[in-house]
Every structure is written in structure tokens, then in C-alpha cells.
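Coordinates in review
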Amino acid sequence: MTARTLPTNRLTARLLTGWLLVASLALAACERFPRDPENSLERVLERGALRVGVVENPPWTRRRDDGSSGGVEGWLAEGFAHHLGVEVEWHWGPSEHLLRSLSAYDLDLVVGGFEQANPWRRKVTFTAPYFTSRAVIGMAHDRPAPTGIEGLEVSIRPLSGLAAAIEDEGGIPRETKTLAGSDGLVAGATWELETLGYRPTGLLLRKTEHVLAVPPGENALLLRLEDFLASNGESAGVRARLVEDGGR
Amino acid sequence: MKLREPYSLPEDKQALVRKAMVLEWLTIFFLVTIGALMYLTMGSSQAMKTAWIEDMLSLVPPISFLVAMHIRERQPTAKHPYGYRRAVLIAFLVAAAAIVVLGLYMLYDSAHALLTRHHPSLGYFTIFGQKWEIWSGWVMIGALVYSIIPVFILGRMKLPLAEELHEKTLHADAAMNKADWMTAGAAILGVLGIGIGWWWADSVAAALIALDVLKDGLTNLKSAMSDLMDQRPSAVNSERALDLPTRICKELKGLPGVLDADIRLREEGHVFAGELFVTLEEDGELPARLDALVARARGMDWRIHELVAVPVSRTADPNPD
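Residues numbered from 1 in each chain as written. Chains lettered and ligands numbered in written order. Predicted model: local features only at pLDDT ≥ 70, side-chain atom pairs only at ≥ 80, totals over all residues. Heavy atoms only, no water.

Looking only at helices and strands, one finds 9 helices and 5 strands in chain B. Secondary structure elements in chain B, listed N-terminal to C-terminal, are α-α-α-α-β-β-α-α-α-α-β-β-α-β. In terms of C-alpha radius of gyration, chain B reaches 25 Å, well past the compact-globule figure of 20 Å for 321 residues. For the C-alpha atoms alone, the extent of chain B along its principal axes is close to 90 × 35 × 35 Å. Considering chain B as a whole, with its 321 residues, one finds that 51% of them fall into the buried category. Contacts in chain B between residues at least 24 apart in sequence constitute 71% of all its contacts with a sequence separation of at least 6. Positive and negative side-chain charges in chain B, numbering 31 and 36 respectively, have mean positions lying 2 Å apart. (Helix = DSSP H or I, 4+ residues; strand = E, 2+ residues; numbered from the N terminus. Rg over C-alpha atoms; globule rule 2.2 N^0.38 Å. Buried < 20%, exposed > 50% of the residue type's maximum accessible area, 1.4 Å probe, protein only. Contact = heavy atoms within 4.5 Å. Lys, Arg positive; Asp, Glu negative; His and termini not counted. Charge placed at Lys NZ, Arg CZ, Asp CG, Glu CD.)

In C-alpha cells, the structure reads:
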């Protein structure tokens, strides 16, 4: 940038200052900040109903006979609607379909055990993790905790996705239909192991951050949901729900 | 092969160089802290991302300047009898070309976000997995405000130094720093825009910043290219030719025994070098008289590094003025 361009710089400077003034006036004029570009939160309150897309994915969501959802995230969706003073309108479907509808603002919330690392994150908005699930090694309460799993057999449920992590640690993964009743080592989420009466160890295999999905860029709705999750997230409710749900 | 004798700055200019180097180190320090802060608060704002890239790119001129100051100390060698200064210029040229490409990419990226109607989402501020009860937009604005102040002050301090030292890299850097507050301002508007529900404000701000990066890149590219192409001595703050060659010719022509004098000078970064063509009345004591003429010319400006005097006959001059 040379001195010759300075006059245009000054002009830009004035324009920017003007904009800043207009923006701060607009800012002062609106009570709620940030606002939704597509007014999702306002429309939910006007409609009196929260349109929730649900992907069946127990224990996060669980289909009930009346079309509503149980499970932790069904419970969170109901709680959030209650927090806003509206009803829930349930829409069941496959995740691809529901997330696309969400990105087109045809839904207000989609639940279904989504994890933070998710290819849809460019198309829809995910909340900050409301719960961190830790998959660890566990064993029966009367057995001593191992210092490592080198050369030891570890029972896992099919499709748990933990086999590779166990092999990395030198263990031998063995798939069983159910983890219940094993007297050797088992691997699963801490809440899952607690439900089955095992003692979780500190040997961490995987950490998954659980999130809910809202329409892209609807920041007012997002913050309201975050507020709700902050008082019903990790510490309060979720873990207890999972343990209770798993016991069923 | 005869090596070029090393150039050394006048005492008062050396003190200024030391000051400029301190300012450049400070610039690098602040840019790195600003970059870290912006990276941590970036979120999904397009404007914030481009402002961050711009901040990182602003490191190129100060680093080039400091490297140049270091390499300049190197003596010419048998392999490189003219010295090493051009190595830095080539590096600066490549960096400028990279900035242009990055500017184009940033422009494409923002236009793409705008055309696909990307709605940026800004929730609560989260850092290292810890959530804070504050909208992340406010934190971003805080980081952007911090990014303006030190760089703006340093830019203003560097401008006069660049002119006194005839350092074009330093000047380009100072001018970029001074204009940086506008890109940060654009990013702040983008973030505020998201807050009042204008999803497009973010991408528009990002596109403006990308245009500024592109402009910076082209300015630096032009500066590096004309430096490598032996351009005539010109002012640091504009491309206006200096009147130095005319003044030297006039001075020398006024001396007894000199019939005509002409000069051809090129810029080599902060110094000038070239040839002096003189027509003398008679050839007695030629070497000593040529040396005296060169000394006289060099005494007129501290920036003249190497001047070679060539005696020419009056008819030999192909373009008399």
C-alpha cells in the first residue's frame, strides 16, 4: 500500500466508521442477542411446537408406542420443549433425511446419538458436547484392576468399534452377544459397565462427545438449547438416565 | 575476479536500522500473540478465519526485513562477487506470489460461502473443552480489538523510518500494518452482523479482507519485481523517480574540464549503483580525475554504493540530452 492510495483509505475508514455506528444502533435496538437469521426460535414459540427429528439409536433415542422418543436425548428434547413452554412434534426417520430437513429449516432439532466429529457439521449446527462418553476396560468388582491388557482377552459387544483400540494396547478382543456375566475383562462405556455391575478402570479406549443438532446459524435457538443443556447435561441427569435406561 | 566492496551505512542511519529491527521484532511478537488469540477464538466465522490468515501473512514482510538485514552483512564472495542481497529479494518475491494465491483462494472461499448461503453458527465460547457463559462473538470482537492497537501503533512508528532508510520492504510492511485496523474492523462488523441475524455479513466481511490481502500481495509482488529488474532510484512512498541523477549530472557538468556528464543508476534495495559517463576536455591524469568525480557524486547521497566512471568521447553518446 503506497501513500498514493491514502485518500481511498480515508474514504473506506469513514464508511467503516459509519457502518460501525449503524451496527451499534441496531445492536442497541434489539433485546435478544444474538438473533436467528431465519427466526427459528421465534417461530417455535409462535407455533407452540418444537419440530424434533429423531433417528432411532438406543440408548440415546428409543421409539415409544405413541410415536414419542424415550432414551436420554428423547428426554432432553422433551425437557427443552417444556423449558420453552411448547409441545414436541416428533418426526422419525433416517439421519440423512432428517439432517437435510434440518439444514433447510424444516426441523428445529434433530437427536439420535450424534457425535461431535461428524461430516454434517458443515451443513447443520451442533451444540457443544452435552455429555462425554468414555469407553474403558472394566471387570467384576471382586477382581483386581490390571495395570495393562497386554496379552489379555477382553470381551466386547459386536459393533462396539473398540476392537482396534484394544489391539493397539496389546489386548485380544473377543466379541460376545452380551457383556453380562463375564468374569474376565470387559470393555464398554463407563455407564454401560456400571449398569452391568462391573468396575470401570482408568484404562481409556475411546472418548466420544455427544451433541444435538440445530438448524445452521440459528444462534438464538442454539444459545437457548445450550442454556438448557448446561443445567441438564453431564452432571445432572444424563448419566443417571443412561444407567437407568441400560438397566431396562 | 574483483569483489564488490561491502557497503556500510552512515552512523546516524545505523542507529535507525537498529530501531527498525527492534520494531520489527516487536511486530512479530504481537502478530504471533494476536494470531494465537484469534485462532483460539475463531469459531466458525468466515471473516474471523480470513482475518486470522491475514494476520499470519503480515509476518512475511517483517521476517523478510530481518532476514535481509542479516544477509546484508555477508561479504561478497568469489562465487557471488556482487554480494547476496538478491537472495532475499527472490524470497520476498516468492512470498508475495504466495500471498496473491492465498488472497485469491480466500476470495473464492468467501464467495463460495456467500453463494451457498452458509449460515455461520456462533454459540457460547468454548476453549479446551471448557464452556463459558458468554457468546463467542463477544470474545472474537475482543480479540479483534486487541489485534488492531499494537500493530497500528507500530505501523505508524515504522513509516518514517522506512523513508529515512530507503527501505521498501519496511515501507510495505508499515503501510500494511497501518491499514490492518480496517480489516479487523470489517471482521468486527461481520461478527456483529451474525449477532443481529445477518448471516451474509460474515462472508461479505471475509471477502473484503480477502480483497485487501490480494491488494497487499500485488503491491509486494510489484515492489519485489521492480527491485529485481534494476529499476531507477525512486521514492519509497511512491514510485516517483528521484531527481538525484539530474542533480549529479548538473553538479559534475559545472566542474572545470568536464564537457559533459551522464549517469545510469539502478536500485539495489536500499542502495543505488551504476555507471557514470563523462566527457573530459583532455585526458591528463585520467584515473585520479575520474576518482575525484566519483567521490564528488557519491558525496551527494548516502545511498550511492558503487559508481563506475567511464570516460567517453562526445560522439560516442548515443542519446545526448
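A few words now on the overall build of chain A. Counting secondary structure elements, chain A contains 8 helices and 12 strands. When contacts within chain A are restricted to residue pairs at least 6 apart in sequence, those whose partners lie at least 24 apart make up 71%. Looking at chain A as shown, the accessible area adds up to about 12,400 Å², and 51% of this sits on carbon and sulfur atoms. (Areas by Shrake-Rupley, 256 points an atom, 1.4 Å probe, with all protein chains shown as cover.)

Looking now at the sheet that holds strand 7 (residues 131-140) of chain A. All names here are of chain A. Spatially, the 5 strands line up as an open sheet ordered 9-8-10-7-11, and their pairing is mixed. Single-partner strands in this sheet number two, and they are strand 9 (172-175) and strand 11 (198-210). Mean inter-strand twist for the sheet, computed between neighbouring axes without regard to direction, equals 30°. Across 9 bridges, the pairing between strand 7 and strand 11 is antiparallel. Each residue of the ladder has a partner; that of Met139, found in strand 11, is Arg199. (Pairing = 2+ DSSP bridges. Axes fitted to C-alpha atoms, helices over the stretch in contact; angles between N-to-C directions.)

Residue and element names in this part refer to chain B. On the surface, Val145, Ile149, Ile153 and Met157 cluster together into a nonpolar patch covering about 330 Å² of accessible area. By the element assignment, Met157 lies in helix 5 (residues 136-165). With relative accessibility at 38%, the residue Met157 sits in the partly exposed group. (Patch = residues over 30% accessible without salt bridge, like charges linked within 9 Å, V, L, I, M, F, W, Y side chains within 5 Å. Salt bridge = Lys/Arg side-chain N within 4 Å of Asp/Glu carboxyl O.)

Once that is clear, we can look at the nonpolar core. With 41 residues, the main nonpolar core has Met38(B), Met48(B) and Leu144(B) as its most contacted residues. Breaking this core down by element, the ones donating at least two residues are helix 1 (11-41), helix 2 (46-57), helix 3 (60-72), helix 5, helix 6 (168-195) and helix 7 (199-228) of chain B. At 9 residues, helix 5 of chain B tops the list of elements feeding residues into this core. Every residue in contact with Leu144(B), bar those within four places of it in the chain, is listed here: Met38(B), Met48(B), Ala51(B), Ala184(B), Ala187(B) and Ile188(B). Counting 31 residues, the second-largest nonpolar core is a separate cluster that includes Ala81(A), Ala220(A), Leu222(A) and Phe228(A). (Core = buried A, V, L, I, M, F, W, Y, C linked by side-chain atoms within 4.5 Å.)

Before going further, it helps to examine the side chain of Asp180(B). All names here are of chain B. Mapped onto the elements of the fold, Asp180 is located in helix 6. As a buried residue without a salt bridge, Asp180 has its nearest oppositely charged side chain in Lys158, at a separation of 9.3 Å. Filtering out sequence-adjacent residues up to four positions away, Asp180 remains in contact with Glu54, Ser58 and Val151.

On to the pattern of salt bridges. Residues and elements named next belong to chain B. The final tally for this structure, using the stated rule, is 19 salt bridges over all chains. The partner of Arg296 in a salt bridge is Glu251, and the shortest N-O contact between them spans 3.0 Å. Of this pair, Arg296 sits in helix 9 (residues 286-298) while Glu251 sits in helix 8 (residues 244-253); the two residues are 45 residues apart in sequence, bridging distant segments of the chain. The partner of Arg303 in a salt bridge is Asp301, and the shortest N-O contact between them spans 2.9 Å.

What follows concerns the environment of Glu46(A). Residues and elements named next belong to chain A. By secondary structure assignment, the location of Glu46 is in helix 2 (residues 40-47). A relative accessible area of 66% means that Glu46 is categorised as exposed. Distance in space between the C-alpha atoms of Glu46 and Thr132 is 34 Å, their sequence separation being 86 residues.

What follows covers the packing of helix 3 of chain B against helix 4 (residues 85-115) of chain B. Residues and elements named next belong to chain B. Viewed as axis vectors pointing N to C, helix 3 and helix 4 meet at an angle of 170°, and their least axial separation amounts to 10 Å. Between helix 3 and helix 4, the angle falls in the class roughly antiparallel. Facing Val60, Pro61, Ser64, Ala68 and Ile71 of helix 3, the residues of helix 4 in contact are Val88, Phe92, Ala95 and Ile99. Grouping the constituent residues of the contact of helix 3 with helix 4 by class yields 8 nonpolar, 1 polar and no charged. (Parallel < 35°, antiparallel > 145°, perpendicular 65-115°, else oblique. Nonpolar A, V, L, I, M, F, W, Y, C, P; charged D, E, K, R; others polar.)

All names here are of chain A. Turning to helix 4 (residues 95-103), its buried residues are Leu98, Leu99, Ser101 and Leu102. Buried residues in helix 4, looked at end-on, bunch into an arc of 155°, giving them a common side. Next to the buried residues of helix 4 lie strand 1 (49-54), strand 4 (87-92), strand 5 (109-111) and strand 12 (213-214). Following helix 4 by one or two positions, Tyr105 has its phi on the positive side, about 65°. (Arc of directions from axis to C-beta.)

Take the side chain of Glu167(B) next. All names here are of chain B. Tracing the chain through its elements places Glu167 in the loop between helix 5 and helix 6. Residue Glu167 is classed as buried on the basis of its relative accessible area, which comes to 8%. Glu167 has contacts with Phe65, Met69, Arg72, Ala162, Val236 and His270, leaving out every residue within four places of it along the chain.

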